[in-house]
There are 2 protein chains.
Amino acid sequence: MDIADWRKQIDELDIRLVELLNRRAQAAREIGRLKRNTSMPIYEPDRERSIFENVRKANQGPLPDSELRQVYERIIDVMRNIQKHEIVPEDKPAEPRTEFDLELND
Amino acid sequence: MDIADWRKQIDELDIRLVELLNRRAQAAREIGRLKRNTSMPIYEPDRERSIFENVRKANQGPLPDSELRQVYERIIDVMRNIQKHEIVPEDKPAEPRTEFDLELND
């Protein structure tokens, strides 16, 4: 295989990576929504440790653990932002319903 | 689904992400090896632009393009290091064979 062939393979891998990253973001968003109704914090060091541990165990190389961890630190940062946005949305939250609404609709 | 279910899904996605990242690293390593025999530089801004473009096109959300780009900046950094290592290995390269070796073995 020449450089162009390997690059084609990388481009295909990237399309699959983007899909998985988006599925991961979707799950993080759902967790954010569930956290909104509880007192759970966005930053949970135990959970983050368990993610790194899972990833390290799954790593069969050639990526060294230290480099994989660097990628995952960024992934976790980005996912934390998504959760934060889900818990405190930038858009103004909907007004709580009034008693009048409750009477009309419930 | 509750938070534990979503986390289980994330852990499964991470195992697949780790595998794809390693396949990507393998391809980057092969490109590094091929570059070793040419005068091609490790840093190629046009190629990096084309990676970002491919990734942006593949992005169907919910990850915003800007956040996906942040993840990819880290991935590309890490892959560049792997290529650098492949082109200039840390281990001392084997000594070139002497004429004496050539006479004995060839």
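If you're wondering where the values come from, they're calculated on a predicted model, not measured in any experiment.

Caption draft 1: Representation of the pattern of salt bridges in the model. Inspection of the entire model under this criterion finds 26 salt bridges over all chains. B:Asp11 is the partner of A:Arg47 in a salt bridge, and the nearest nitrogen-oxygen pair spans 3.2 Å. With A:Arg47 in helix α2 (residues 45–58) and B:Asp11 in helix α1 (residues 3–36), this pair bridges two chains. A residue is classified by how much of its surface remains accessible, and A:Arg47, at 13% relative accessible area, is buried. By relative accessible area, which is 21% here, B:Asp11 ends up partly exposed. For the salt bridge of B:Glu86 with B:Arg36, the shortest nitrogen-to-oxygen distance reads 3.5 Å. Placement of the pair is B:Glu86 in helix α3 (residues 65–87) and B:Arg36 in helix α1, with a sequence separation of 50 residues. A relative accessible area of 40% places B:Arg36 in the partly exposed class. Residues joined in a network through salt bridges with shared partners are A:Glu30, A:Arg33, A:Arg36 and A:Glu86.

Caption draft 2: Spotlight on the environment of B:Phe52. By secondary structure assignment, the location of B:Phe52 is in helix α2 (residues 45–58). Under the relative-accessibility criterion, B:Phe52 is labelled buried at 14%.

Caption draft 3: Representation of the confidence of the model for chain A in the model. All names here are of chain A. Summing up the model confidence of chain A, the mean pLDDT is 86 and the portion of residues at 70 or higher is 82%. The element-level mean pLDDT for chain A is lowest in helix α4 (residues 99–105), coming to 40, with α2 highest at 97. A low-confidence stretch, residues 97–106 stays under pLDDT 50, and its non-local contacts, those more than four residues away or across chains, total three contacts. Interface confidence for the predicted complex, expressed as ipTM, amounts to 0.82; the pTM equals 0.82.

Caption draft 4: Spotlight on the packing of aromatic side chains. Taken as a whole and judged by the stated rule, the model has zero aromatic pairs over all chains. Above the ring of A:Phe52, the side-chain terminus of A:Arg69 is found at 3.8 Å from the ring centroid.

Caption draft 5: Here's a closer look at the relation of the copies chain A and chain B. Mapping chain A onto chain B calls for a rotation angle of 180° and an axial translation of 0.0 Å; the resulting RMSD is 0.0 Å. The operation mapping one copy onto its partner corresponds to a two-fold rotation axis. Residue by residue, 100% of the interface of chain A is reproduced at the interface of chain B, so both copies engage with the same surface.

Caption draft 6: Expanded view of the side chain of A:Asn59. With respect to the helices and strands, the residue A:Asn59 is situated in the loop between α2 and α3 (65–87). Judged by its relative accessible area of 14%, A:Asn59 is buried. In terms of polar contacts, A:Asn59 uses its side chain to reach the backbone amide nitrogen of A:Gly61, at 3.0 Å. At a separation of 2.9 Å, a polar atom in the side chain of A:Asn59 contacts the main-chain carbonyl oxygen of A:Leu63. Residues within four places of A:Asn59 in sequence aside, it is in contact with A:Pro64, A:Asp65, A:Leu68, B:Val18 and B:Asn22.

Caption draft 7: Broad picture of the packing of helix α1 (residues 3–36) of chain A against α2(B). Where α1(A) contacts α2(B), the two axes come as close as 9 Å, and the packing angle between them is 35°. The handedness of the crossing between α1(A) and α2(B) comes out as right-handed. Contact residues: α1(A) offers A:Arg7, A:Ile10, A:Asp11, A:Asp14, A:Ile15 and A:Val18, while α2(B) offers B:Arg47, B:Ile51, B:Asn54, B:Val55 and B:Ala58. Per-class residue counts for the contact of α1(A) with α2(B) are six nonpolar, one polar and four charged.

Caption draft 8: Quick look at the interface of chain A and chain B. Contacts between the two partners involve 52 residues from chain A and, on the opposite side, 52 residues from chain B. A combined buried area of about 5200 Å² lies between chain A and chain B, and 67% of that area is made up of carbon and sulfur atoms. Joining chain A to chain B, the criterion identifies six salt bridges. Between B:Asp14 and A:Arg24 there is a salt bridge, with its nearest N and O atoms 2.7 Å apart.

Caption draft 9: Just the nonpolar core, in detail. Counting residues in each nonpolar core, the largest one holds 38 residues, and the members touching the most others are A:Leu21, A:Leu63, A:Tyr72, B:Leu21, B:Leu63 and B:Tyr72. At the level of secondary structure, the elements contributing two or more residues to this core comprise α1, α2 and α3 of chain A together with α1, α2 and α3 of chain B. Contact partners of B:Leu63, with chain neighbours within four places excluded, come to A:Leu21, A:Asn22, A:Ala25, A:Val78, A:Met79, A:Ile82 and B:Leu68.

About the cut-offs
Residues numbered from 1 in each chain as written. Chains lettered and ligands numbered in written order. Predicted model: local features only at pLDDT ≥ 70, side-chain atom pairs only at ≥ 80, totals over all residues. Heavy atoms only, no water. Salt bridge = Lys/Arg side-chain N within 4 Å of Asp/Glu carboxyl O. Helix = DSSP H or I, 4+ residues; strand = E, 2+ residues; numbered from the N terminus. Buried < 20%, exposed > 50% of the residue type's maximum accessible area, 1.4 Å probe, protein only. pLDDT = per-residue confidence, 0-100. Contact = heavy atoms within 4.5 Å. Phe/Tyr/Trp six-rings, centres within 6.5 Å; stacked < 30°, edge-to-face > 60°. Lys NZ or Arg CZ within 6 Å of the ring centre and 35° of its normal. Least-squares fit on C-alpha atoms with pLDDT ≥ 70 in both. Polar contact = N/O pair within 3.5 Å; in protein donor to acceptor, adjacent residues only side chain to side chain. Axes fitted to C-alpha atoms, helices over the stretch in contact; angles between N-to-C directions. Left-handed = near helix turned anticlockwise from the far one by under 90°. Nonpolar A, V, L, I, M, F, W, Y, C, P; charged D, E, K, R; others polar. Buried area = accessible area lost by both parts, 1.4 Å probe. Core = buried A, V, L, I, M, F, W, Y, C linked by side-chain atoms within 4.5 Å.

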